[in-house]
Every structure is written in structure tokens, then in C-alpha cells.
Amino acid sequence: MATVPASFPHIKAVDGSSRLTKIVDFTKVSFARGPQRVRKQRVQLSVARNPNPGSDTVELEPASDGSPLLVPRQKYCESIHKTVRRKTCTVMVGNVPLGSDHPIRIQTMTTSDTKDVAKTVEEVMRIADKGADIVRITVQGKREADACFDIKNSLVQKNYNIPLVADIHFAPSVALRVAECFDKIRVNPGNFADRRAQFEKLEYTEDDYQKELEHIEKVFTPLVEKCKQYGRAMRIGTNHGSLSDRIMSYYGDSPRGMVESAFEFARICRKLDFHNFVFSMKASNPVVMVQAYRLLVAEMYVHGWDYPLHLGVTEAGEGEDGRMKSAIGIGTLLMDGLGDTIRVSLTEPPEEEIDPCRRLANLGTIASSHQIGVTPFEEKHRHYFDFQRRSGQLPLQKEGEEVDYRGVLHRDGSVLMSVSLDKLKAPELLYRSLAAKLVVGMPFKDLATVDSILLKELPPVDDADARLALKRLVDISMGIITPLSEQLTKPLPHAIVLVNLKELSSSAHKLLPEGTRLAVTLRGDEAYEELEILKSVADNVIMILHNLPYGGERDSRVHTARRLFEYLEESGLNFPVIHHMELPDKMHRDDLVITAGSNAGALLVDGLGDGVLLEAPGQEFEFLRDTSFNLLQGCRMRNTKTEYVSCPSCGRTLFDLQEISAQIREKTSHLPGVSIAIMGCIVNGPGEMADADFGYVGGAPGKIDLYVGKTVVKRGIAMEHATDALIQLIKDNGRWVDPPVEE
């Protein structure tokens, strides 16, 4: 912890290595060798102004233990104990008001060529009929801008008054033109006035940096004035993948850089008394996305700003993968009361985005209207701005134990599944459903095998076949978790016994043989006095199952879990915690994915939790298993399949993204640990491919460029040969394995 004067006049270190510089509204505390250069490698921080104007000092603290990032002790949401929607001003987008006094708005983006007026109009009408509130259209050049007038007029003639947003990159003159007819302009601070990032290590003096800010103001001011003149709205939309070299050289490729990039433009708007704008902080990595929005809101609280937020995970992909990533990122923020309009970016037709978007909006609306939460508690250990995983102590082997318990949980995140007694009637089918590898009918754990199972009912003691099937699972270190009552009446050797706090406090667990391994189920909102019993059984507890029953009107899984983790940290209890969700019968698949991503994902992106156990009557076993692994991978924990960064397509896309994406996935989905970016064009790349090992990017009509990381290695490959060339590139870099052969 450190304090500095609230006015921040200067900072000096004993060795003279610290200095303070000031750029507009931010005060920067930097640590560098010399007084004149700003270096990319330097440890540095933007420190916001004092959140308590009545105080003489502002407290700074590391974002996490050992982190070089210092942040003011400040809030990033209205309440950490319950979902309270953040209060914002109202921004008018055409005839649609946007902000906290209004419903969470739903939007998407067209994929047709903007110059094709008839096709674009038809697409907008389809989207509007599906229930979208706002539609975005890419406008990359003068011809597209001219077409926008015809698009708007045609829609009005057909009695469609849905607000239209122009998506602008690299083209200030185009933005000025289209502001005369569209309702909102989206500008990307990373490329509106700056040149495209070259990912070069640049050095700036303070004078150099200030001159670039003056250049931005010169280029951006005419658009702000035009928006004021015509009553247009604006989105200052930072993308993690398209930060400028100038920002990256000063702040790194980081959430902090994303916030500062947007603030440079926001300060110009405010200087010109223009306030009809919203912010967005998009990234393809949900963890980065969540951190960036939190930093943005924290800075806005400090400055007293109340602009609305547009939420989205960019390049989320398709199907359940894309829905899960979006649920993790968007849902996490909605559970903290953040977000006023959302877009779920899927590699699917744009109208298909509306339904999952609405489901997410409904989830956020219900949470904030009921203000779901938990009794207030002091939170000291969660890291809001800098990811640091709390890793529970994995089971250790005890002397004399006949089986190996070390494999019942996975170090990168565990998947548990609930298994019914009926499944034991066909052992090989059970093993396959658990994704175990079979060798001569015997199960072995593989990369994506379920780690442990919950068996709520044990087979009779004389059912030799069922018990043999369970023994074979125990032999491969798969945990068999069963309730105390079952274990006492039909004991299963080496089972992990599930107990609740009442059973612990009544000493019922002492009826078990000494040393029996335990799993404890609890809600998370119990009185701390009730939780104290955990300390007395710490030596035998393998894991905690956090299970807050679904459907309580004011109960919040996210907030009760945060409270539980705070108690465990304060008490020095390092149990692994599994997020156990019992979901209702016949729940829609999309609702299940979104609920799991928004609730368990909201905790995992904060490093809170060691695995998941999803139960949903009526759902296919394999679907629940795959959803669980998708959740862990989406939270950047356990990689069990190829990771795809796949853009949702727009009018800039240079090939059939859905078709090509399906082709690539079909041939490469068996490469866990490998990340592939599939991008329709290069607007958000190669920076958006920062997480990807390989990139497949539209370079020109019918031509594909291939990347390794951020570096283009092959250009202009004919599309019909590009997928094979990608596979060869993966092979050349030693990352290819042949698909497994089914037994």
C-alpha cells in the first residue's frame, strides 16, 4: 500500500528513478532508468485522480500480490454484494434511448456488402423483425458511404426506423460523410487517426507523445462537431487487437492501454461539450475483456463520468463455443450491474445473434431488478483488474492409502459429472460418455476425460458388475463422490463421501472409517460461525461443492461464492472449490450455456474456483460434459481442444466466413493447445490474433494471407488451396498431430 498527495504534484524515489508525468486527465507514476524516454519494457502505471476529493491523499495498492500495476482503491461497480445497475446518463441513438433508465438494448451487425443496397436493406429488415434495437453496418469507403443514404431512405420508406450505426476504421472522411444520414458513428481509437499498428518497439519523448495527441484532436474534432450538428450518437469502441503502436509502446498490449486509448478520444468529446457517446472495450479473450471494462468503469467513477457501456466479446466464434465465450464476458459484467447495450458476435447469420443476446439481456435485467446478492461482507482478496488464480490445494496422497487420490481433480480445472445408477449397466458406454480412452474395454484417462463423478445412489452391495465398473474408475484415479447416507448403508471402497455442514456439526461423518476422504457441499451464504466446522475436518476434505439452489428470487451464486472465497482466504483454508449447478428440467440449451457462463464463468475469470459440475435433467450427458470443458477453456483454464478466434463477418469480409470456418474446424479440431484465428479481413488483426498461434486472414478477394502469431508468412494464397496451406504451416511449426483413430 502506498499513498501520494491527492494533487500528485511530483513523486521522487531515493535513487531518483521514479518520476511523474501528466497527460491530460491521467497522472502516470513511472519507473524508468532515464528521465527522457518512455519504454515499452518499463514498469509503469496510470493512476487515476483521487476518488475522495475531500481527502488529502489517495491510496494505491498492487492490483495483485507482486503485480507492478498499482491501482487506486476504488470501486468498479455499484456494489460487490449484489447486482445493482450502474447509473448512467441517457444517450440517444436515433429514436432509441440508451442508458441505465432504459432496457438493455440488443444489437447486431450486417454481413452483406454495403454497396449492395437491396441486400443490406433486406438484411436490416430481417434483423429488425427478429427484435434488434440497433443495427451496425460497415462503412469502409466513399462508395459505401454514398450507399448508406439509399439504405436509410429505403428503410424509412418501408417504415423501418431502426437506428443505424456506421462502423468506421481508418477513414475520418468517410465518417464525416455518413454522419449526415446514420444515427450513430462507431470509431476505433486504435486506427481512426493513428496508422495501423506495426507492432514495433517505439520510443516516445513527452513532446512526441503530446504532438500525436494534438494530431488526434485535429483529425477527430470535425467528426465530433458534425455529430453535434446532426444530433448523432457515437461509440468510442476500443478493440484489444487494434491498439496503436503509440499506445502499446507506452502501456503495453493491455487493458490499461485499451482504456487510455478510449479516454484520449473521450477527453476531446468533453472538451467540445459533446456527451452523446458510449464506450466499449472489446477483446476476443473474455478475461482481458472483463478487466478492461472494469478498469474503464473504475476510471469513470473517479472522474465522475456516467457514460453508458456497449458490451461484447469480439470474434467469439460459432455455436456453443461462441455463446459460452460471450456469456463469460458479457454475463460477468451484467452480474455486476454493468452494461447498457450488448452484441453477441457469432460466426453465424446476424439474425441468429439476437436470441442469445436477448437471453443474456434478460439475465442481466432480472439480476439487477431483483438486486440479487448476499449479506454485505468485506472483500480483501479478489483481484478485479489483474487476473491471478486462486488454486486450491490438490489432493495429496496419504501414507497407507491403497488408491491414488491425486487424479480426482485436475490442476488446470476439473470437470465433474453426475452419473445415474442406470449408466452402470453398460460400463463401456459409461466409460465412453466420460471421454475415457478404451484399451481392450478397459478405461484410461485422456486429455478431456471427466475427473470425478457424483453418484447420488450406490449400487447394491451384491451388484458385482456395477461395483467392478466403479472399481475400474477408481483404479484410474477418477473420484467417486457419494452421499454420506449411501456410503453408510452400501459402503463403496475408496469413495469420497459427500457431507453437508449439518452432518459435520452433528458428527455423523465420524461413523465413517478414520481417514475417509470428504467433499463438503454448502450454499455459501451460511453464517461464518457455521463454516467454522470446516477447520476441524481440513485434513480429510478433498473439495468443496458450492451449490446454491437455482431459482431463488434474491439469491446470487456469484455473490455468495465471492463471500465463501473471502471466508476461505481469511481462514487460511485452501480447499479446491467446485461450482456445482443444479439447473431446472427442460432448460433451453442456450439458457443453460448462458447461465453457466454468466454464473460460474463470472467467478472463474476472477480466478475463483477449481472446476465445475453441471446437472440438468433431460439434457444429454455429452452436452453437459462438453459445455463444462468449454466453460473452463473459455475462462483460459484447461485447454482440451483447438481454440478458435473467429470473427462474425461483416461487409468487409472477403470470403464466406461460415463455410470456411466449418472447413477449417473439421480438419483441425483435434489440436488441443493450438489456437487458430479465422478473420474475414485485417481490420482487427493481426492484433486480435494476439492469442492465436496461426492466422487465416482474407487479404484480397479470393486470396488468403497466413500468419504465425502476428507475423504474416504467406500472402495471396488462392482460397481453394488455403486450408491445406494452413495445415502445412501448422505441420512446419511442429504443432500438428494426426487425428486419433477410433478403436
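Residues numbered from 1 in each chain as written. Predicted model: local features only at pLDDT ≥ 70, side-chain atom pairs only at ≥ 80, totals over all residues. Heavy atoms only, no water.

Student: What's the story with the overall build of the protein in this structure? I'm lost.
Tutor: When you go through the protein residue by residue, the secondary structure sums to 19 helices and 31 strands. Burial analysis of the protein (743 residues in total) assigns 60% to the buried set. Considering only contacts in the protein between residues 6 or more positions apart, those separated by 24 or more positions represent 70%. Carbon and sulfur atoms make up 49% of the accessible area of the protein, which amounts to about 28,600 Å² in all. (Helix = DSSP H or I, 4+ residues; strand = E, 2+ residues; numbered from the N terminus. Buried < 20%, exposed > 50% of the residue type's maximum accessible area, 1.4 Å probe, protein only. Contact = heavy atoms within 4.5 Å. Areas by Shrake-Rupley, 256 points an atom, 1.4 Å probe, with all protein chains shown as cover.)

Student: Explanation requested: the packing of aromatic side chains in the structure shown.
Tutor: Any two aromatic rings considered together are summarised by their centre-to-centre distance and by the angle between their planes. Applying the stated criterion across every chain, the model contains 13 aromatic pairs. Relative to Y251, the ring of Y250 lies with its centre 5.0 Å away and its plane at 65°, an arrangement referred to as edge-to-face. Comparing Y250 with Y251 shows no difference in burial state: the two are buried. Here the basic side chain of R563 rests over the ring of Y528, its NZ or CZ set 4.4 Å away from the ring centre. (Phe/Tyr/Trp six-rings, centres within 6.5 Å; stacked < 30°, edge-to-face > 60°. Lys NZ or Arg CZ within 6 Å of the ring centre and 35° of its normal.)

Student: How should the pattern of salt bridges be read in this particular structure?
Tutor: Opposite charge on two side chains permits them to pair, given that their charged atoms come into close proximity. Evaluated as defined, the whole model comprises 54 salt bridges. One salt bridge in this structure joins R389 and D610, with 3.4 Å as the shortest N-O distance. Taken as a pair, R389 in the loop between α9 (354-370) and β17 (414-418) and D610 in the loop between α16 (589-604) and β26 (611-615) lie far apart in primary sequence, 221 residues in all. Looking at R389, the relative accessible area reads 24%, which means it is partly exposed. A salt bridge links R735 to D693, with the nearest nitrogen and oxygen atoms 3.7 Å apart. A residue pair is termed long-range when its members are at least 10 positions apart, and R735 in the segment after α19 (719-732) and D693 in the loop between β28 (675-679) and β29 (694-700) qualify at 42 residues. Overall, the relative accessible area of 33% leaves R735 in the partly exposed class. Linked by salt bridges that have partners in common, R294, D336, E379, R382, R562 and D606 make up one network. (Salt bridge = Lys/Arg side-chain N within 4 Å of Asp/Glu carboxyl O.)

Student: Please explain the sheet that holds strand β16 (residues 341-342) as it appears in this structure.
Tutor: Hydrogen bonds between backbone groups are what pair the strands of a sheet, and the pairing can be parallel or antiparallel. Reading across the sheet, the eight strands line up as β14-β13-β12-β11-β10-β9-β16-β15 and stay open at both edges, with parallel pairing between neighbours. On the outer flanks of this sheet lie β14 (277-282) and β15 (310-311), each paired with one strand and no other. Bridging between strand β9 (residues 105-109) and strand β10 (residues 134-138) involves three bridges; their strand directions are parallel. For M109, the partnering residue across the bridge sits in β10 and is R136. Sitting on the sheet, helix α7 (residues 286-303) touches β14 and β15, and the angle it makes with β14 is about 145°. (Pairing = 2+ DSSP bridges. Axes fitted to C-alpha atoms, helices over the stretch in contact; angles between N-to-C directions.)

Student: Where do I start with the sheet that holds strand β22 (residues 496-500) in this structure?
Tutor: The strand order β17-β20-β21-β22-β23-β24-β25-β26 describes a closed barrel built from eight strands, whose pairing is parallel. For this sheet, the mean angle separating the axes of adjacent strands, direction not counted, is 25°. As defined by bridge partners, β17 adjoins β26 across three bridges and the pair is classed as parallel. Bridge assignment links V415 to a residue of β26, and that residue is V612. Most of the contacts of α16 go to strand β25 (residues 577-582), to which it runs at about 165°, and overall it touches β25 and β26.

Student: How should the environment of Y293 be read in this particular structure?
Tutor: Relative to the assigned elements, Y293 resides in helix α7. When near neighbours in sequence (up to four residues on either side) are disregarded, Y293 contacts S280, M281, K282, L309, H310, L311, G312 and L333. A distance of 3.1 Å separates a polar side-chain atom of Y293 from the backbone nitrogen of M281. Polar contacts involving the side chain of Y293 include one to the main-chain carbonyl oxygen of H310, which spans 2.4 Å. (Polar contact = N/O pair within 3.5 Å; in protein donor to acceptor, adjacent residues only side chain to side chain.)

Student: What should I look at first to understand unusual backbone geometry in this one?
Tutor: Excluding glycine, residues mostly have negative phi values, and the peptide bonds linking residues are mostly trans. Of note in the backbone geometry, S507 takes a positive phi value of approximately 65° without being a glycine. Residue position: S507 is located in the loop between α13 (501-505) and β23 (518-522). Accessibility expressed as a relative area gives 29% for S507, which makes it partly exposed. Unlike most non-glycine residues, K586 shows phi in positive territory, near 60°.

Student: Sorry, what's going on with the pairing of strand β13 (residues 233-239) here?
Tutor: Burial analysis of β13 places seven of its seven residues in the buried class, the great majority of the element. Burial of the side chains of β13 extends over both faces: A233, R235, G237 and N239 are buried on one face and M234, I236 and T238 on the other. Bridge count between strand β12 (residues 184-187) and β13: four bridges; the pairing is parallel. Along β13, the bridge assignment pairs R186 with R235. With six bridges connecting them, β13 and β14 associate as parallel partners. Of the residues in β14, the one forming a bridge with T238 is M281.

Student: Whenever I open this one, the nonpolar core confuses me. Can you help?
Tutor: For soluble globular proteins, nonpolar side chains are generally found buried alongside one another. Ranked by size, the top nonpolar core spans 130 residues in total, and within it I185, F220, L223, M234, F279 and L534 carry the most contacts. In terms of residue count, the dominant contributor to this core is α7 (10 residues). When residues of this core are assigned to domains, at least three map to each of domain 1 (96-370) and domain 2 (414-635). Excluding residues within four positions of it along the chain, I185 makes contact with A166, I168, A175, V178, A179, L223, C227, A233, M234 and R235. Counting 61 residues, the second-largest nonpolar core is a separate cluster that includes L409, I476, M581 and L632. (Core = buried A, V, L, I, M, F, W, Y, C linked by side-chain atoms within 4.5 Å. Domains from an automatic or database assignment.)

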